[in-house]
Number of protein chains: 2
Amino acid sequence: MPTRIENSTPKQDGFRMPAEFEAQERIWMLWPERCDNWRMGAKPAQKAFADVARAISEFEPVTVGVSARQYANARRILPPEITVVEMSSDDAWVRDCGPTFVVNDKGCVRGIDWAFNAWGGLYDGLYFPWNMDDAVARKICEIAGKDSYATPGFVLEGGSIHVDGQGTVLTTEMCLLSPGRNPDMTKEQIERMLCEYLNCSKVLWIRDGIDPDETNGHIDDVACFTAPGEVACIWTDDPDHPFYTQSHDAYDFLCRQTDARGRALKVHKLCLTKKPVYLEGADTIDAADGTLPRRDGEVSIASYMNFLIVNGGVILPQYGDENDALAIRQVEEMFPDRRVVGVMTREVAFGGGNIHCITQQQPAARG
Amino acid sequence: MPTRIENSTPKQDGFRMPAEFEAQERIWMLWPERCDNWRMGAKPAQKAFADVARAISEFEPVTVGVSARQYANARRILPPEITVVEMSSDDAWVRDCGPTFVVNDKGCVRGIDWAFNAWGGLYDGLYFPWNMDDAVARKICEIAGKDSYATPGFVLEGGSIHVDGQGTVLTTEMCLLSPGRNPDMTKEQIERMLCEYLNCSKVLWIRDGIDPDETNGHIDDVACFTAPGEVACIWTDDPDHPFYTQSHDAYDFLCRQTDARGRALKVHKLCLTKKPVYLEGADTIDAADGTLPRRDGEVSIASYMNFLIVNGGVILPQYGDENDALAIRQVEEMFPDRRVVGVMTREVAFGGGNIHCITQQQPAARG
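1. Considerations on the overall build of chain A
- Regarding its fold elements, chain A presents twelve helices and 17 strands.
- Whereas a compact globule of 367 residues would reach a radius of gyration of roughly 21 Å, chain A reaches 19 Å, a difference of no more than 12%.
- The burial tally for chain A puts 64% of its 367 residues in the buried class.
- Taking all contacts inside chain A whose residues are at least 6 apart in sequence as the whole, residues at least 24 apart take part in 75%.
- Of the roughly 13,200 Å² that chain A leaves accessible, carbon and sulfur atoms contribute 48%.
- With 37 positive and 55 negative side-chain charges, chain A shows a separation of 4 Å between the mean positions of the two kinds.

Written out as C-alpha cells, the structure is:
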C-alpha cells in the first residue's frame, strides 16, 4: 500500500541514496521491443537483455517489466528464476525512467519518482510520447510496496547521477544544465534539489559526457564511484578516439576533487574500446517520425563504464573489442572483492546505452 | 523468483487449499473495462469495483491489476492504500482466472494455475479469445513471488469450488461436468483431480447452480463453507422466485451430507433477493461478435451468497432490494466474530457476477 509523498523530501525524512556498491535487494529491468530503436524487431536486443538479466540473477533477484504484447515471449526467453511482470513503457531504459531508491537507517526504503521527458522533452527528447515511461517509477514502487516521493516538474534521469552514499553526487553539466531538462532553474537551484532528494552536500560537476545527442552526456558512461573516496573514469591514450578529449577532461577534473567528507578522490582509469563501435544494420530499424534517424557508421556510445555493481559482482559490457579483457582486469582491480562478469552487449550499445542504462537497483533495507 | 511446478501436486507436497475463513495475506482484483460486457463504458462498474476494493482494504491489503490503457484512470479512482499493478486480462473475474492458493504448515504459499477457457471454451464460453485471462494466475504468482502448480489441460474456475480447509470440496455437477470444461474426464477422474490439487478427500456435488448460461452454475452463488462443519445455502420461500427450485434442491442436499471428517453439516439459510434483479440499460453495452447478446429484462445472477470473507469481516453484495438488510443480519449470525460490510454491487451483477467473483484471496503463510 505505497503512498505518494508530496510535502517532504528524503533529506527532511532522514533518507539518503545509497551508493551502488552498497547492499541491494533486487534489480529491475524493462523489456525492449521498440522497432524504431532496436535492430531487427528488437530480437537481438531481447537476447542481450536476457543475457544481462541472467548474469545478474547469479548474484541477486531480477524483475523484468514487459508489455502485455511481449509478456509471453519474454517469459519464454527469460529463465524461470527471473520474475516477469507486466509493465508498459515507451522504451526499455529503467535506469532513466525508473525510481531512484533511498534508504534510512531504520529499515525503510522509498523511491523518488523524478519527472521523465525522454531525455529532453520537446526541446531535444528522443521520442514522443513518453507518458508510459514516466509512469514506470510509480509502477515499480507499487509492486515493490515502497512509498515514493513525487518531484513535480523536476526532470532527472537516474543515468545522469552517481552518488557515494556519503554526501557526494557526481554528474555532468552537459546533461543537467541542458535546456531540455529544467531550463528555468539555475545551476545552484538544481544542486539544491539534488542535495535535498539524494541527501548530499556536495555536487561534483564534470563538464561533458560522451554522448551529446542522446542522453546529453550522462555520467554513467564517463565515471562512477567504486568505493568511498574512489572513482573510476574512462581513459584512452589514443588522441584519435572519438571520446579522447572528454575522457581526459573528466579524468583531470576528478583528480583535483575532494568529496563531501573532504577526501581527495582516488581515480581509477578504465579503458575505452580500442576501436569505436559503429552502428551496422541501421536499415533494419524502423523509420518513425519524431525519433532520430539511425544511420550505419554512426558512433555508438560503447563505454565499459556503463557497468552495474551487484551484490558480490560487477556486470560489465563487452563489445568484441580488443580491450574487452583489459576492461575486465581493470574492473577486477577496482573491485577486488567482487566477481566481474562480462556480457556481450554490443546490441544494447546500438540502441543507445548499456548495462547500467537498462538496470535499476533497489537497495536492501538497512538498520 | 517463482517457479512452475509441473511434476508434482499440492497433495504430494503437503499443501492444501485453506478455507476462505482462514487467515489471509491479501486480496487480488482486476479492473473492469470491457464495453461489451459492462454498461456505459464500464464506468459504473469501475465505481462499484472501487467501492468493493475500498471496503476490503479496511480489513487487509488489496492489489488491483489493470491494463496499461486504464492504469492512470484506475490509479486516480482507487484510494492510495490500494496497490495498483499493470495486468491485462480479457475481463475482470479474478476468482475464475486467478490462482487458487494453497499453503503448507511450514510457512509456504503456492498458487495453482488451472487452465481457463472463459467458462466453456469453444463449446459455450462467454468470449473469445481468453488468452490474457489464462495468463492472470501466473502473473499474480509472479508478483506475489509464489511458486505455482501447472495443471496442463485441466480447466477449472475458482468460483466453481469451495473448501472447508479440512478435506471437503463443495462444487456443482452443472459446472464441473459441463461439456465446456473437461469433457474427456469422468466425474471420478475430476474428483481425483480436485482431491489431488486441493488436498481433499471428499467432494460434495450439488447438482445445479443458479446460472446455467454464464458460469454453468458456479457454487459461489449457491453455497459456501462458513466454518468447519457449517455451510450457508441460498433460500427462498417464494415458489415464483427464479431460483426457488435450485435453492431448495441445494439446501435439501446439504442437510443430508457429512463432510470429510464425518460431521453432519449445519446448514445456514441465506435469503435471496425479494425481487429478481433484471438487467436495465443493455443498450449501453457494446454489441460484439462471439459474446452473448445482453437484453433488458434478463435475470441477473444476484445472489447474496457471492460474498467475500476477509480477515475479521465479510464483504456482502447489496442490491437495493427489500432483503438487503435481512441478508446482512443472516450473515452476521453466521459469522458472529466478523464485521459484515454491505456494498452496493447491482452493477457487478449486471456484468455477470458479484463480490466473490471479482476477488481472489491470497492466504497467509502459516506455521
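2. Regarding the interface of chain A and chain B
- Of the residues lining the interface, 19 residues belong to chain A; the matching set on chain B comes to 19 residues.
- Across the chain A to chain B interface the summed buried area is about 1,800 Å²; carbon plus sulfur atoms make up 55%.
- On the surface where chain A and chain B come into contact, there are four salt bridges.
- Salt-bridge contacts for K139 of chain A lead to E86 of chain B; the nearest nitrogen and oxygen are separated by 2.5 Å.
- Counting the contacts that link chain A with chain B gives eight residue pairs in polar contact (both at pLDDT 80 or more).
- Of all the secondary structure elements, the ones that give two or more residues to the side of chain A that touches chain B are α3 (71–77), β4 (83–86) and α7 (136–144) of chain A.

3. Topic: the relation of the copies chain A and chain B
- Of the transformation placing chain A onto chain B, the axial shift is 0.0 Å and the rotation is 180°, giving an RMSD of 0.0 Å. Both copies of the chain, as the preceding transformation shows, are related through a two-fold rotation axis. Across chain A, the rotation axis passes nearest the C-alpha of E86 of chain A, at a separation of 2.8 Å.

4. Things to note about the pattern of salt bridges
- Tallying each qualifying case throughout the model produces 38 salt bridges over all chains.
- Residue E157 of chain B is joined to R181 of chain B by a salt bridge in which the shortest nitrogen-to-oxygen separation is 2.6 Å. Placement of the pair is E157 of chain B in the loop between β7 (148–155) and β8 (161–163) and R181 of chain B in the loop between α8 (173–176) and α9 (187–198), with a sequence separation of 24 residues.
- Look at E157 of chain B and you get buried, because its relative accessible area is 0%.
- When salt bridges with common partners are traced through the structure, they connect R16, E22 and R366 of chain A into a single cluster.

5. With respect to the nonpolar core
- Residues M29 of chain A together with M29 of chain B are the most contacted members of the largest nonpolar core, which totals 104 residues.
- Excluding its chain neighbours within four sequence positions, the residues that come into contact with M29 of chain B are F49, V52, A53, I56, V62, T63, V64, G65, V94, I358 and T359 of chain B.

The rules behind each value
- Residues numbered from 1 in each chain as written.
- Chains lettered and ligands numbered in written order.
- Predicted model: local features only at pLDDT ≥ 70, side-chain atom pairs only at ≥ 80, totals over all residues.
- Heavy atoms only, no water.
- Helix = DSSP H or I, 4+ residues; strand = E, 2+ residues; numbered from the N terminus.
- Rg over C-alpha atoms; globule rule 2.2 N^0.38 Å.
- Buried < 20%, exposed > 50% of the residue type's maximum accessible area, 1.4 Å probe, protein only.
- Contact = heavy atoms within 4.5 Å.
- Areas by Shrake-Rupley, 256 points an atom, 1.4 Å probe, with all protein chains shown as cover.
- Lys, Arg positive; Asp, Glu negative; His and termini not counted.
- Charge placed at Lys NZ, Arg CZ, Asp CG, Glu CD.
- Buried area = accessible area lost by both parts, 1.4 Å probe.
- Salt bridge = Lys/Arg side-chain N within 4 Å of Asp/Glu carboxyl O.
- Polar contact = N/O pair within 3.5 Å; in protein donor to acceptor, adjacent residues only side chain to side chain.
- Least-squares fit on C-alpha atoms with pLDDT ≥ 70 in both.
- Core = buried A, V, L, I, M, F, W, Y, C linked by side-chain atoms within 4.5 Å.

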